[in-house]
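A structural walkthrough
Letter by letter, the chains look like this.
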Amino acid sequence: MPVGRAKPAFRFPKRAFALDSTRVDLRLLYARSAAQDKDPARAAELYASVPDTTLLEAVDHVRLGGMDFEAKRFDEAREHLHAAVMKDSSSVEAFFVLGLVEMRRNDAEAAVAALQKATELAPTFSPAPLNLGIALLQAKRPAEGIAALRQAQTLA
């Protein structure tokens, strides 16, 4: 999607949902767009209206986990993000946000594992090694932490 065009694009799922709000696929599409559009209340309402949670895809769990993270519901965020990585083990966003959640939960080793995976999956995404360095320092692994911070500095 072109830069600056995301906001106008969100009106299309809204229109489709208005035409037939009974279709689960449209509810999910609209929920995803609401979450992306930073409307967590609407996204949560739409996700809650999906009758079968097995229909949720990795992206849905990432969005729900991100909303829980923003709301400081770290245990709930962790559950959604674990579900996301079980459905898609290549989701950089899921591993990255999971690492942030684990840091907030004061589980440095779990944060290190998630952030290492995010760094492996997206070697040029500088926030991953930056937060990995912080997690490694919290885990009392300063040599590795400094190396990760240097990697982040190089990428930035």
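Before going into details, it helps to say that this report is about the structure given with it. The structure presented is a predicted model; accordingly, all values stated were derived computationally and were not measured.

The rules behind each value
- Residues numbered from 1 in each chain as written.
- Predicted model: local features only at pLDDT ≥ 70, side-chain atom pairs only at ≥ 80, totals over all residues.
- Heavy atoms only, no water.
- Core = buried A, V, L, I, M, F, W, Y, C linked by side-chain atoms within 4.5 Å.
- Buried < 20%, exposed > 50% of the residue type's maximum accessible area, 1.4 Å probe, protein only.
- Helix = DSSP H or I, 4+ residues; strand = E, 2+ residues; numbered from the N terminus.
- Contact = heavy atoms within 4.5 Å.
- Phe/Tyr/Trp six-rings, centres within 6.5 Å; stacked < 30°, edge-to-face > 60°.
- Axes fitted to C-alpha atoms, helices over the stretch in contact; angles between N-to-C directions.
- Parallel < 35°, antiparallel > 145°, perpendicular 65-115°, else oblique.
- Left-handed = near helix turned anticlockwise from the far one by under 90°.
- Nonpolar A, V, L, I, M, F, W, Y, C, P; charged D, E, K, R; others polar.

In terms of nonpolar packing, the biggest core is built from 27 residues, with Phe 69, Phe 96 and Val 101 touching the most fellow members. Contributing elements (two or more residues each) for this core: helix H5 (58–70), helix H6 (74–87), helix H7 (92–104), helix H8 (108–121) and helix H9 (127–138). When residues in this core are grouped by element, the largest group, 8 residues, is from H7. Not counting chain neighbours up to four residues away, the residues in contact with Phe 96 comprise Leu 115, Ala 118, Phe 125, Pro 127, Ala 128 and Asn 131. Formed by 12 residues, the second largest nonpolar core is a distinct cluster that contains Ala 35, Ala 43, Leu 46 and Leu 56.

This paragraph deals with the environment of Leu 137. Mapped onto the elements, Leu 137 comes out in helix H9. Take Leu 137: its relative accessible area is 38%, and that puts it in the partly exposed class. Here the alpha-carbon distance between Leu 137 and Val 112, two residues 25 residues apart in the chain, equals 9.7 Å. Aside from chain neighbours lying at most four places away, what touches Leu 137 is Pro 142, Gly 145 and Leu 149.

All right, on to the environment of Leu 155 then. With respect to the helices and strands, the residue Leu 155 is situated in helix H10 (residues 142–155). Classification of Leu 155 by relative accessible area gives partly exposed; the value is 32%. Those residues in contact with Leu 155 that sit more than four places away from it in its chain are Pro 123, Thr 124, Phe 125, Ser 126 and Pro 129.

Moving on: the packing of aromatic side chains. Taken as a whole and judged by the stated rule, the model has 2 aromatic pairs. Centroid distance Phe 96 to Phe 125: 5.2 Å. Interplanar angle 75 degrees. Geometry classified as edge-to-face. Placement of Phe 96 in helix H7 and of Phe 125 in the loop between H8 and H9 is noted, with a sequence separation of 29 residues between them.

What follows concerns unusual backbone geometry. Of note, Lys 38 is a non-glycine position whose phi angle comes to about 60 degrees, a positive value. Mapping Lys 38 onto the fold places it in the loop between helix H3 (24–36) and helix H4 (40–48).

Attention now moves to the packing of H5 against H6. H6 packs onto H5 with a crossing angle of 160 degrees between their chain directions and a minimal axis gap of 8 Å. As the angle between them shows, H5 and H6 are arranged roughly antiparallel. Of the two elements, H5 crosses H6, and the hand of that crossing is left-handed. Contacts between H5 and H6 involve Ala 58, His 61, Val 62, Leu 64, Gly 65, Asp 68 and Phe 69 from the first element and Phe 74, Glu 76, Ala 77, His 80, Leu 81, Ala 83, Ala 84 and Lys 87 from the second. The residue makeup of the contact of H5 with H6, split by class, is 9 nonpolar, 3 polar and 3 charged.

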